[in-house]
Amino acid sequence: MLKPLGDRVVIETQDEEEKTVGGIVLANNAKEKPQTGKVVAVGDGKVLDNGNTLKPSVKEGDTIIFDKYAGTSVDYDGKSYLVLHDKDIVAIIE
Amino acid sequence: MLKPLGDRVVIETQDEEEKTVGGIVLANNAKEKPQTGKVVAVGDGKVLDNGNTLKPSVKEGDTIIFDKYAGTSVDYDGKSYLVLHDKDIVAIIE
Amino acid sequence: MLKPLGDRVVIETQDEEEKTVGGIVLANNAKEKPQTGKVVAVGDGKVLDNGNTLKPSVKEGDTIIFDKYAGTSVDYDGKSYLVLHDKDIVAIIE
Amino acid sequence: MLKPLGDRVVIETQDEEEKTVGGIVLANNAKEKPQTGKVVAVGDGKVLDNGNTLKPSVKEGDTIIFDKYAGTSVDYDGKSYLVLHDKDIVAIIE
Amino acid sequence: MLKPLGDRVVIETQDEEEKTVGGIVLANNAKEKPQTGKVVAVGDGKVLDNGNTLKPSVKEGDTIIFDKYAGTSVDYDGKSYLVLHDKDIVAIIE
Amino acid sequence: MLKPLGDRVVIETQDEEEKTVGGIVLANNAKEKPQTGKVVAVGDGKVLDNGNTLKPSVKEGDTIIFDKYAGTSVDYDGKSYLVLHDKDIVAIIE
Amino acid sequence: MLKPLGDRVVIETQDEEEKTVGGIVLANNAKEKPQTGKVVAVGDGKVLDNGNTLKPSVKEGDTIIFDKYAGTSVDYDGKSYLVLHDKDIVAIIE
């Protein structure tokens with residue numbers, strides 16, 4: 001199992017489907033686009049300067065939107081994950 | 001529903017109409033221009049170093065002006081939204 | 001009405017007159033030049049790390065000098081305004 | 001023995017095997033990839049502004065994932081180590 | 001009258017005389033050179049994070065040396081001034 | 001004698017021997033490599049924001065590993081030294 | 001007399017003699033080299049965020065080593081001085 005450190009969160013990514021026209025995959029444009037993912041593991045949180053710990057704002061099972069170019073991809077146990085910092089999570093889909 | 005995290009705010013954008021002369025759309029110049037939008041969801045706020053939470057300075061329903069190049073665009077449920085940080089909101093139109 | 005957020009201030013700008021020689025408008029040189037403006041709206045101020053609010057140092061009606069390249073221009077109700085951060089105001093003309 | 005300072009951690013690296021096709025080593029692509037390693041020594045931790053010490057979040061023997069381009073490689077006693085800052089450790093494999 | 005804001009100081013500048021050889025003005029070299037000026041107005045000071053105000057370290061009438069490329073030049077009432085931040089003042093000439 | 005200031009440490013460097021093949025000195029590659037040195041003088045430490053002093057984490061006589069491109073070389077009394085900040089010391093060799 | 005502000009220190013510089021071979025002055029190499037100087041005036045110190053003042057770590061008469069490219073040169077009363085920030089002083093020669 002992967003245990004993320006600090007304010008990190010491990011997610012399974014759900015890439016947006018590429019749009020195709022007549023079977024031809026269209027290239028993405030350069031604009032920054034968010035993606036969605038499902039949270040599978042959550043770190044203990046970030047230690048603040050006063051010694052307290054600020055827990056990540058999502059929990060296991062949440063479906064989230066994150067900045068496309070954020071995070072570190074990790075291959076583990078035959079699956080591909082993305083490790084994000086809490087601040088790179090834009091919104092929760094409820 | 002989209003629930004923005006931290007000091008983020010979700011808005012429906014209202015693009016300024018392109019100026020046209022005789023039906024020809026004029027290109028925007030390079031100057032940074034604000035846009036207007038309507039707030040549809042507000043995060044819980046930013047956690048300060050002393051542990052308190054600073055709530056965003058706008059509320060649902062506010063019409064706001066924001067910096068044009070700020071924010072992350074999010075497609076959700078067939079509609080297009082913009083997720084902004086509170087600091088990128090310039091003014092409220094009252 | 002425009003309500004600026006945080007440490008922002010809305011001003012009506014007063015561009016320096018371009019110098020002309022025999023009717024020819026002279027180009028500005030590249031040096032950073034301040035401009036003057038009149039304050040029409042003032043934000044509530046910046047929230048400090050200790051939770052207190054630091055109010056902007058100008059008030060409605062003040063004539064101010066600001067850094068030329070600071071601020072965001074905003075068109076509202078047929079008029080053109082400039083939204084500045086308090087720190088970009090150089091001096092008050094008394 | 002190597003004693004890392006502050007929030008540093010010494011690890012033995014475990015490079016991912018290069019993928020080969022028919023005996024030809026394939027070049028890595030440019031994407032940032034994490035690697036795994038085993039912790040062999042841990043610093044005393046980072047001194048916070050309030051004078052307290054924040055201990056690294058891993059311990060000797062942990063198998064970790066870290067950012068590929070982080071750390072300083074150190075040759076010592078005929079072996080090759082990597083010295084990482086605690087913040088460059090992405091996750092623990094449990 | 002000009003009232004500088006925060007940690008700003010208004011000075012009348014005293015440019016170093018250009019060196020001339022046989023009537024030809026020699027170009028300055030590219031090295032950063034300080035200049036001298038006389039303080040004509042002083043701001044109330046910078047508000048620190050703890051809410052206290054740190055007053056500028058010069059007073060009206062002081063002759064100072066400042067970094068050549070610091071400050072904003074301001075034309076007011078037919079005269080040319082320079083508005084400096086307190087930190088750009090190098091030394092007082094006593 | 002050299003008395004380093006703040007969190008600085010003076011060391012005698014021990015350059016890694018250049019590898020030679022058949023008498024030809026091989027150029028170092030561009031990768032950042034640590035070096036080793038022996039501590040000969042230690043500063044009083046860095047003054048923290050709360051007024052306390054954080055002493056350097058090494059002492060005279062320690063053999064250390066440091067980042068290759070850190071520090072300022074100083075010639076004094078016919079010998080060559082390197083002055084490092086405490087944070088550039090990677091590990092102590094015990 | 002020059003009175004340096006804040007954490008500044010005024011020194012008389014002592015340039016290293018250029019090495020010459022057979023009367024030819026050898027160009028300095030590009031490596032950052034410290035220089036030595038004698039302290040002639042010391043500022044009151046830097047005001048910390050908690051309101052206390054941190055005095056410079058050198059005193060008048062000290063011979064110091066500083067980073068070659070630090071400081072602002074000042075011509076005053078027919079002599080050439082260098083104004084340094086306290087942090088740019090590397091060591092005291094005792």
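Scoring rules and cut-offs
- Residues numbered from 1 in each chain as written.
- Chains lettered and ligands numbered in written order.
- Predicted model: local features only at pLDDT ≥ 70, side-chain atom pairs only at ≥ 80, totals over all residues.
- Heavy atoms only, no water.
- UniProt positions renumbered as here; feature names shortened; annotations may be inferred.
- Helix = DSSP H or I, 4+ residues; strand = E, 2+ residues; numbered from the N terminus.
- Buried < 20%, exposed > 50% of the residue type's maximum accessible area, 1.4 Å probe, protein only.
- Contact = heavy atoms within 4.5 Å.
- Areas by Shrake-Rupley, 256 points an atom, 1.4 Å probe, with all protein chains shown as cover.
- Pairing = 2+ DSSP bridges.
- Least-squares fit on C-alpha atoms with pLDDT ≥ 70 in both.
- Salt bridge = Lys/Arg side-chain N within 4 Å of Asp/Glu carboxyl O.
- Buried area = accessible area lost by both parts, 1.4 Å probe.
- Polar contact = N/O pair within 3.5 Å; in protein donor to acceptor, adjacent residues only side chain to side chain.
- Lys, Arg positive; Asp, Glu negative; His and termini not counted.
- Patch = residues over 30% accessible without salt bridge, like charges linked within 9 Å, V, L, I, M, F, W, Y side chains within 5 Å.
- Charge placed at Lys NZ, Arg CZ, Asp CG, Glu CD.
- pLDDT = per-residue confidence, 0-100.

- For chain A, the name recorded in an unreviewed UniProt entry is Co-chaperonin GroES, with Apilactobacillus xinyiensis as its organism.
- Of chain A, the UniProt comment under Subcellular location (unreviewed entry) reads exactly: "Cytoplasm".
- The Sequence similarities (unreviewed entry) comment attached to chain A in UniProt states, word for word, "Belongs to the GroES chaperonin family."

### Quick word on the overall build of chain A
Turning to step 1, where the next piece is worked out: On a plain count of helices and strands, chain A comes out with 0 helices and 11 strands.
Turning to step 2, where the next piece is worked out: Each helix and strand of chain A, ordered N terminal to C terminal, gives the series β-β-β-β-β-β-β-β-β-β-β.
Turning to step 3, where the next piece is worked out: Per-residue burial over chain A gives 39% buried out of 94 residues.
Turning to step 4, where the next piece is worked out: Partitioning the contacts of chain A with sequence separation of at least 6, the portion at a separation of at least 24 is 63%.
Turning to step 5, where the next piece is worked out: Here chain A has roughly 5400 Å² of accessible surface; of this, 48% comes from carbon and sulfur atoms.

### Some remarks on the pairing of strand β11 (residues 89-93) of chain E
Turning to step 1, where the next piece is worked out: In terms of burial, β11(E) is a largely internal element, 4 of the 5 residues being buried.
Turning to step 2, where the next piece is worked out: Two strands pair when backbone bridges link them, and strand β8 (residues 63-67) of chain E and β11(E) are joined in this way by 4 bridges, in the antiparallel orientation. Each bridged residue has a counterpart across the sheet, and for Thr63(E) the counterpart in β11(E) is Ile93(E).
Turning to step 3, where the next piece is worked out: Where β11(E) meets strand β1 (residues 2-4) of chain G, 3 bridges bridge the pair, whose relative direction is antiparallel. Across the sheet, residue Ala91(E) finds its bridge partner in β1(G), namely Pro4(G).

### Regarding the relation of the copies chain E and chain G
Turning to step 1, where the next piece is worked out: Here chain E sits on chain G after a turn of 51 degrees about the axis and a move of 0.0 Å along it, with an RMSD of 0.0 Å.
Turning to step 2, where the next piece is worked out: The share of interface residues of chain E whose copies in chain G are also at the interface is only 16%, consistent with the copies meeting through different surfaces.

### A short note on the pattern of salt bridges
All names here are of chain F.
Turning to step 1, where the next piece is worked out: Scanning the model with the defined rule gives 28 salt bridges over all chains in all.
Turning to step 2, where the next piece is worked out: When the shortest N-O distance is used, the salt bridge between Glu12 and Lys79 registers 2.9 Å. Taken as a pair, Glu12 in strand β2 (residues 8-14) and Lys79 in strand β10 (residues 79-85) lie far apart in primary sequence, 67 residues in all.
Turning to step 3, where the next piece is worked out: Its relative accessible area of 44% is what places Lys79 among the partly exposed residues.

### So, the interface of chain D and chain A
Turning to step 1, where the next piece is worked out: Between chain D and chain A, the contact holds 19 residues from the first and 16 residues from the second.
Turning to step 2, where the next piece is worked out: Between chain D and chain A the total buried area reaches about 1400 Å² when both faces are included, carbon and sulfur atoms providing 58% of it.
Turning to step 3, where the next piece is worked out: Across the chain D-chain A interface, the total number found is 0 salt bridges.
Turning to step 4, where the next piece is worked out: On inspection of chain D and its partner chain A, the count reaches 6 residue pairs in polar contact (both at pLDDT 80 or more).
Turning to step 5, where the next piece is worked out: At the level of elements, β8 (63-67) and β11 (89-93) of chain D are the ones that each hand at least two residues to the side of chain D that touches chain A.
Turning to step 6, where the next piece is worked out: No other element matches β11(D), which puts 5 residues into the side of chain D that touches chain A.

### Brief notes about the side chain of Asp86(A)
Turning to step 1, where the next piece is worked out: Position of Asp86(A) relative to the elements: it lies in the loop between β10 (79-85) and β11 (89-93).
Turning to step 2, where the next piece is worked out: The buried charged residue Asp86(A) lacks any salt bridge partner; its closest oppositely charged side chain belongs to Arg8(B), at an N-O distance of 7.4 Å.
Turning to step 3, where the next piece is worked out: Every residue in contact with Asp86(A), bar those within four places of it in the chain, is listed here: Asp7(A), Pro56(A), Ser57(A) and Val58(A).

### Considering the relation of the copies chain D and chain A
Turning to step 1, where the next piece is worked out: Relative to chain A, chain D is turned by 52 degrees and slid 0.0 Å along the rotation axis, the superposed coordinates differing by an RMSD of 0.0 Å.
Turning to step 2, where the next piece is worked out: Here only 16% of the interface residues in chain D have copies in chain A that are interface residues too; the copies meet through unlike faces.

### Remarks on the interface of chain E and chain G
Turning to step 1, where the next piece is worked out: Of the residues lining the interface, 19 residues belong to chain E; the matching set on chain G comes to 16 residues.
Turning to step 2, where the next piece is worked out: Contact between chain E and chain G buries roughly 1400 Å² in total, counting both sides, with carbon and sulfur atoms accounting for 59%.
Turning to step 3, where the next piece is worked out: The tally of links from chain E across to chain G stands at 6 residue pairs in polar contact (both at pLDDT 80 or more).
Turning to step 4, where the next piece is worked out: Secondary structure elements with two or more residues in the side of chain E that touches chain G: β8 and β11 of chain E.
Turning to step 5, where the next piece is worked out: Examining the composition of the side of chain E that touches chain G, we find that 5 residues originate from one element, β11(E), more than from any other.

### Concerning a negative patch on the surface
Turning to step 1, where the next piece is worked out: On the surface, Asp49(A), Asp49(B), Asp49(C), Asp49(D), Asp49(E), Asp49(F) and Asp49(G) cluster together into a negatively charged patch.
Turning to step 2, where the next piece is worked out: Within the fold, Asp49(C) resides in the loop between β6 (46-47) and β7 (53-54).

### As for the confidence of the model for chain A
Should pLDDT be low for a region, the predicted coordinates there are not to be read in detail.
Residue and element names in this part refer to chain A.
Turning to step 1, where the next piece is worked out: Per-residue pLDDT for chain A has a mean of 82; in total, 78% of the residues score no lower than 70.
Turning to step 2, where the next piece is worked out: For chain A, the element scoring lowest by mean pLDDT is strand β4 (residues 24-25), at 55; β11 scores highest, at 95.
Turning to step 3, where the next piece is worked out: Predicted confidence is poor over residues 28-32, with pLDDT under 50, and the contacts of this stretch with residues over four places away or in other chains come to 7 contacts.
Turning to step 4, where the next piece is worked out: ipTM for the predicted complex: 0.74, alongside a pTM of 0.76.

### Considerations on the side chain of Asp88(E)
Turning to step 1, where the next piece is worked out: As for its position among the elements, Asp88(E) is in the loop between β10 (79-85) and β11.
Turning to step 2, where the next piece is worked out: Residue classification places Asp88(E) among the buried residues on the basis of a relative accessible area of 12%.
Turning to step 3, where the next piece is worked out: In terms of polar contacts, Asp88(E) uses its side chain to reach the side chain of Lys87(E), at 3.1 Å.
Turning to step 4, where the next piece is worked out: Look past the residues within four positions of Asp88(E) in its chain and what remains in contact with it is Phe66(E), Asp67(E), Ala70(E) and Arg8(G).

### Structural notes on the environment of Ser80(F)
Residue and element names in this part refer to chain F.
Turning to step 1, where the next piece is worked out: Among the secondary structure elements, Ser80 is positioned in strand β10.
Turning to step 2, where the next piece is worked out: Residue class for Ser80 comes out partly exposed when judged on its relative accessible area of 46%.
Turning to step 3, where the next piece is worked out: C-alpha of Ser80 to C-alpha of Thr13: the two residues are 67 residues apart in sequence and 8.1 Å apart in space.
Turning to step 4, where the next piece is worked out: Once residues lying within four places of it in the same chain are set aside, the contact partners of Ser80 are Val74 and Asp75.
Turning to step 5, where the next piece is worked out: A distance of 3.2 Å separates polar atoms of two side chains, one belonging to Ser80 and the other to Asp75.

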